[in-house]
Amino acid sequence: GAKDIADALKVNRTLTELNLPGNRIEPEGAKEIADALKVNSSLTFLDLYNNEIGDEGAKDIADVLKANPMSALISLSGAGEADEFVKNRNRQRFLDTLNGNEKAEFARLRVMFVGQGRAGKSATVRSMLGKPFSPEWDSTVGADVSESVVNGSSWGDETDQIDFASALAVKMMNRHKEMKSSSPKRIEKSPVVAPLPSSSKTEMNNTETTKGDQLQNKGHQLSNFVDKDQNKKDLKRNSPVKNDRPKKNLQEDIVREYDEELILEAHERKNDLALSLWDFGDQEVFYTMHHIFLTKTGIYVLVFDMRELLELVTREEAKKYLRFWLRSINMHAPQAPLLLVGTFCAEIQSEIRGVDRIRGVDKILRELSKQFTSQIVANDNLVFFPIDNREKLNIQELRKAIEFTARNDRAMKQEVSIRWMAFLDELLSHKKSKSYLTMNGDVSHIASKFGLSRQEQEMALGLFHERGLIIHLTATETLRNIVIIKPQWIIDALGKVIRDSTIHVDMAQYERTGLEEDAQLLFNKGIATRDLLGYLWNYDQTEFFIDLMKRTMLMSAYTDSDSFLIPSLLKENKDMGAVDTRCVVDFSTTFLPHGVFQRLVCLCVEYVSRKTSFDDSIRMNKNYARFPAFACQEVELVEDPSQQAILVSSSDVEKVIPIISSMLLKINGNVMGGRLKWKVLIDGKAFQPEKAVEIESPTLDLDVFLESL
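For the structure given in this document, a descriptive report is provided here. (Residues numbered from 1 in each chain as written. Predicted model: local features only at pLDDT ≥ 70, side-chain atom pairs only at ≥ 80, totals over all residues. Heavy atoms only, no water.)

**A word on the sheet that holds strand β18 (residues 563-565)**
Working step 1: Overall, antiparallel pairing links the 3 strands, which are arranged β16-β18-β17 in an open sheet. Edge positions in the sheet fall to β16 (527-529) and β17 (556-557), since each of these pairs with one other strand and no more.
Working step 2: Relative to β18, β17 is paired through 2 bridges, and the arrangement is antiparallel. When the bridges of β18 are listed, A557 appears paired with F564.
Working step 3: Against the sheet, helix α21 (residues 516-525) makes contact with β16 and β18, and its axis sits at roughly 155° relative to β16, the strand it touches most. (Pairing = 2+ DSSP bridges. Helix = DSSP H or I, 4+ residues; strand = E, 2+ residues; numbered from the N terminus. Contact = heavy atoms within 4.5 Å. Axes fitted to C-alpha atoms, helices over the stretch in contact; angles between N-to-C directions.)

**Focus: empty space enclosed by the protein**
Working step 1: Tallied over the entire structure, the rule returns 7 cavities of 30 Å³ or more.
Working step 2: Taken as a whole, the second largest cavity holds about 60 Å³ of empty space.
Working step 3: Taken together, G115, Q116, L302, V303, F304, D305, E308, A318, Y321, L322 and W325 make up the full set of residues lining the second largest cavity.
Working step 4: At the level of secondary structure, the elements contributing two or more residues to the lining of the second largest cavity comprise β10 (299-305) and α11 (312-332).
Working step 5: Classifying every residue of the lining of the second largest cavity by side-chain character gives 7 nonpolar, 2 polar and 2 charged. (1 Å grid on protein atoms, 1.4 Å probe; cavity = no way out; pocket = protein on both sides within 12 Å on 5 of 7 lines; lining within 4 Å. Points joined across faces, edges and corners; volume = space filled by probe spheres on them. Nonpolar A, V, L, I, M, F, W, Y, C, P; charged D, E, K, R; others polar.)

**Some remarks on the pattern of salt bridges**
Where side chains of opposite charge bring their charged atoms close, a pairing between them can arise.
Working step 1: All chains considered together, the criterion is met by 30 salt bridges.
Working step 2: Salt-bridge contacts for E351 lead to R357; the nearest nitrogen and oxygen are separated by 2.6 Å.
Working step 3: The closest approach of N and O atoms between D547 and R551, which form a salt bridge, is 2.9 Å. Residue D547 and its partner R551 are located together in helix α23 (residues 542-551), separated by 4 residues, close to a single helical turn. Taken individually, D547 and R551 each receive the classification buried, so the pair is uniform in this respect. (Salt bridge = Lys/Arg side-chain N within 4 Å of Asp/Glu carboxyl O. Buried < 20%, exposed > 50% of the residue type's maximum accessible area, 1.4 Å probe, protein only.)

Listed below in structure tokens is the structure:
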């Protein structure tokens, strides 16, 4: 009984958690356990809820805690002075940790799902979240963002606000105990990277156990400490009290009202992993806007239809898309882990020699991905993960692979302070009522409560942006002043403008509002009117979105201040006649991503409109642009994807190329992470522009840049 457990605790040095709710330990057993806690150095959490230990047993436990402030967190039940002491002691340790300046692993990461249209990418995300398969699911417009909290096999589609700061505090409390018990010497902690947390857990319910290390490593999950359907307390965050000066401590009005339920909930969540799942739209028109949201950290999941690779008539097209995404991922995130996921596994395995066909897919992928092997996460003897979303085949294996990869990712192990985490919790607590907060108002006020300096506030927001938890762009003051706490808001706004008109446009809605001509102009010629943009964005932050699209070079001013060119919506012209190939900007050493040519056209339009009166004889389509008065001469630009090149035609190409090269430098620094490589060839010989404007910083203001040309 309780004496055997106590004897085991006296000699055990590895057990960290012990859950004993409802075991009728009674006062005598509580005294035995209290004596054991005097010598036990490993236990960090003990649940004695509902054990009829009474005031006498609670006092024995309380006496141990008074003598050893670093002893385990303990959950009791009942009333009385001793029980209140235990609760107050837990409470004080909890708040002291929240007020500390220590750091712990961030435990949040972005997972980006990309791939060819109709490959089952959105279905894969739904499978990860435990949602049913839907054969009629609409294709993704722009991107869809889902939040999931992961712990083992459970991937919840998380919609409720979670207090990660509290969970982090409990983890720190446990670490304090482990550090103190492991050595009397001072322990130096790595400022950035720490080992992944591990624990041994044991759980009992109306059973007895043997002594010593038989308590160790049973591998069970924590039991319910209390019946959460009964007497559940309100855990909502109190409204913060306005204070003009930064607070030195995080009080209860900031972290959430403290009660016993909070610390138990935080304890249960201390090893949770928060994943932000981004499902990127797979139509080509969206690729130009993807560059804004693809990050250098996180996990990439490239989804493809195995049937497309196996059929001869579709193989080359499928390989083309795979090459495109492998190159794009490597350019944006050369160190990020990448999982290749093949869909429709059940259909292929049901065929004759199905196993051989899976191996055939593996052979093709190995050849395609051989220069990216350092990024690819292997699946035993395969280079990819074959799954089936309809039959839920191998879904759990893929979940485990993503979670394992995330928990061991270098970015995941980066440590952040408890104040940063509490700052983030407070920002995200507004998601149910707001899509964004203002930097000069809401965000600065929240940061002041946690004693964050302006510099620290900017650093924290930069990290949260990189992890996909918020979006904060800083190129201009207009952009800087908006902190987007719902990334889906900005994605949806851009997706209302940049979309595939053959799939995602309903012209009837524009007929009803008298904007049919404006819509035709946008989706047929890529020209947006201010009236149409205001309507599409519900007249909410229209100037912000215009500034955003201009600064990310998705849009340029056109003939006047009330019309804008969006090159990604231009139609393709396959019959352009003869093309001058004298001057070639060659990207073949890396590749020419979608969106580079369109952004180059944006900059050229802005440049021409600033240097001369706008000439409406400019001609453009998806892969071609002609400017009659570019640097006092006619210039033609042609995108040639087959050669991974942009062709430049001009009567004085040596005068034009320095301007074009400067624009490419700007695009590379702002959008492509500086990893885009090219060379200029004139008459087949390398040409080095002498007067190209060097872009020292990707944050160089676009207006300043254009004026410098």
